[in-house]
Amino acid sequence: MKDRVALVTGSTRGIGKSIALDLARRGAHVVVSGTNQEKIAQTVAEIEALGVQALGVSADLSQSESAAQLIDAAMGKFGRIDILVNNAGITRDGLMLRMKEDDWEAVLNVNLSSVFRLVKLALKPMMKARFGRIINITSVVGFTGNPGQANYTAAKAGLVGFSRSVAREVAPRGITVNCVAPGFIATDMTEALNDQAREAILSQIPTGAMGSAEDIAGAVAYLAAESTSYVTGETLHVNGGMYMG
């Protein structure tokens, strides 16, 4: 992965940051995107400390024009995009009968429509180079469903169908399109759960433990490698056995 250029959305914290740092450790130059300037600067500094180049771009992916600005910034700095990881996402949870249309639209826009915009733009330089790795971060709930998350689940399930369709279109150009579907991953939010809630979650996981952001980063790195050119249109489930598809 040395000297490849990776663009990772939502890469200033959590899973996205772990993905960005892991790719950097493997030799890739990384474009960091997020909405918090301070966190962007911190992540860029951490990546540069690993001996590779980094570019930080503030991008609010709820705005359609942000996709073009992000791709233009990456191309302006590096001249190419080899790896695109669509990780950015939001939640607006609520039971279906109470869900507001604005909450539905907001989640679908950021979690699905922004991926459409970014992939469409990134494919142009990838097709010219006849190489590309696109990895979309979906979720276990896109396969199992989850009460109170009809909007989020619809977007994450949509990513899978989207990825399969695009994978078929661009396979002859040396471009792969795959998904990684995390299960329950240990985060600041899960650390704040009470014992009862935590046990309820763990009871659903055969391994008896939550995953780590590094587990997801490793799965992304596998799909981003040149050696996985024969893997496309697939979803790699990383969930401790919670869902076996």
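Residues numbered from 1 in each chain as written. Predicted model: local features only at pLDDT ≥ 70, side-chain atom pairs only at ≥ 80, totals over all residues. Heavy atoms only, no water.

### What about the packing of helix H1 (residues 14–25) against helix H9 (residues 213–224)?
Line of reasoning, step 1. At a minimum axis distance of 8 Å, the contact between H1 and H9 shows a crossing angle of 50 degrees. Relative to H9, the element H1 lies oblique. Handedness of the H1/H9 crossing: right-handed. Every residue of H9 that contacts H1 at Gly14, Ile15, Ser18, Ile19, Asp22 and Leu23 is listed here: Ala213, Glu214, Ile216, Ala217, Val220, Ala221 and Ala224.
Line of reasoning, step 2. The residue inventory of the contact of H1 with H9, partitioned by class, reads nine nonpolar, two polar and two charged. (Axes fitted to C-alpha atoms, helices over the stretch in contact; angles between N-to-C directions. Helix = DSSP H or I, 4+ residues; strand = E, 2+ residues; numbered from the N terminus. Parallel < 35°, antiparallel > 145°, perpendicular 65-115°, else oblique. Left-handed = near helix turned anticlockwise from the far one by under 90°. Contact = heavy atoms within 4.5 Å. Nonpolar A, V, L, I, M, F, W, Y, C, P; charged D, E, K, R; others polar.)

### Observations concerning the pairing of strand E1 (residues 5–8)
Here is the key point about a regular strand: its side chains alternate between the two faces of the sheet.
Line of reasoning, step 1. Across the two faces of E1 the burial is the same, with Val5 and Leu7 and Ala6 and Val8 all buried.
Line of reasoning, step 2. Sheet analysis places E1 next to strand E2 (residues 29–34), joined by four bridges and oriented parallel. Bridging from a neighbouring strand, Ala6 pairs with Val30 of E2.
Line of reasoning, step 3. The handedness of the E1 to E2 crossover, carried by H1, is right-handed. (Buried < 20%, exposed > 50% of the residue type's maximum accessible area, 1.4 Å probe, protein only. Pairing = 2+ DSSP bridges. Right-handed = clockwise from strand over helix to strand, strands pointing away.)

### Looking at the environment of Ala217
Line of reasoning, step 1. As for its position among the elements, Ala217 is in helix H9.
Line of reasoning, step 2. Between the alpha carbons of Ala217 and Val180 there is a distance of 9.5 Å; along the sequence they are 37 residues apart.
Line of reasoning, step 3. In this structure, Ala217 is in contact with Ser18, Ile19 and Asp22, ignoring residues within four places of it in sequence.

### Quick notes on the nonpolar core
Line of reasoning, step 1. Judged by nonpolar contacts, the single largest core of 30 residues is most densely connected at Ile19, Leu23, Ile47, Val85, Ile135 and Val180.
Line of reasoning, step 2. Mapped by element, the contributors of at least two residues to this core are E1, H1, E2, helix H2 (37–48), strand E4 (83–86), strand E5 (132–137) and H9.
Line of reasoning, step 3. Dropping the residues within four chain positions of it, Ile135 is found in contact with Ile83, Leu84, Val85, Asn86, Asn178, Val180, Val220, Leu223 and Ala224.
Line of reasoning, step 4. In this structure, Ala67, Val170, Ile175 and Val177 belong to the second largest nonpolar core, which totals 29 residues. (Core = buried A, V, L, I, M, F, W, Y, C linked by side-chain atoms within 4.5 Å.)

### A closer look at the UniProt feature "domain: Ketoreductase" (unreviewed entry) in the protein chain
Line of reasoning, step 1. Per the UniProt record, the feature "domain: Ketoreductase" (unreviewed entry) sits at residues 4–183.
Line of reasoning, step 2. The distance from the first to the last C-alpha atom of residues 4–183 is 28 Å, and the span holds 51% helix and 18% strand. (UniProt positions renumbered as here; feature names shortened; annotations may be inferred.)

### Quick notes on the sheet that holds strand E6 (residues 175–182)
Line of reasoning, step 1. On the basis of which strands lie adjacent, the open sheet formed by seven strands has the order E3-E2-E1-E4-E5-E6-E7 and parallel pairing. The sheet terminates laterally at strand E3 (54–58) and strand E7 (235–238), the two strands that pair on one side only. Strand-to-strand, the axes of this sheet are offset by a mean angle of 15 degrees, without reference to chain direction.
Line of reasoning, step 2. Sheet topology places E1 next to E4; three bridges connect them, and they run parallel. Across the sheet, Val8 pairs through a bridge with Val85, a residue of E4.
Line of reasoning, step 3. Sheet strands touched by H9: E4, E5, E6 and E7. Its angle to E6, the strand with the most contacts, is close to 165 degrees.

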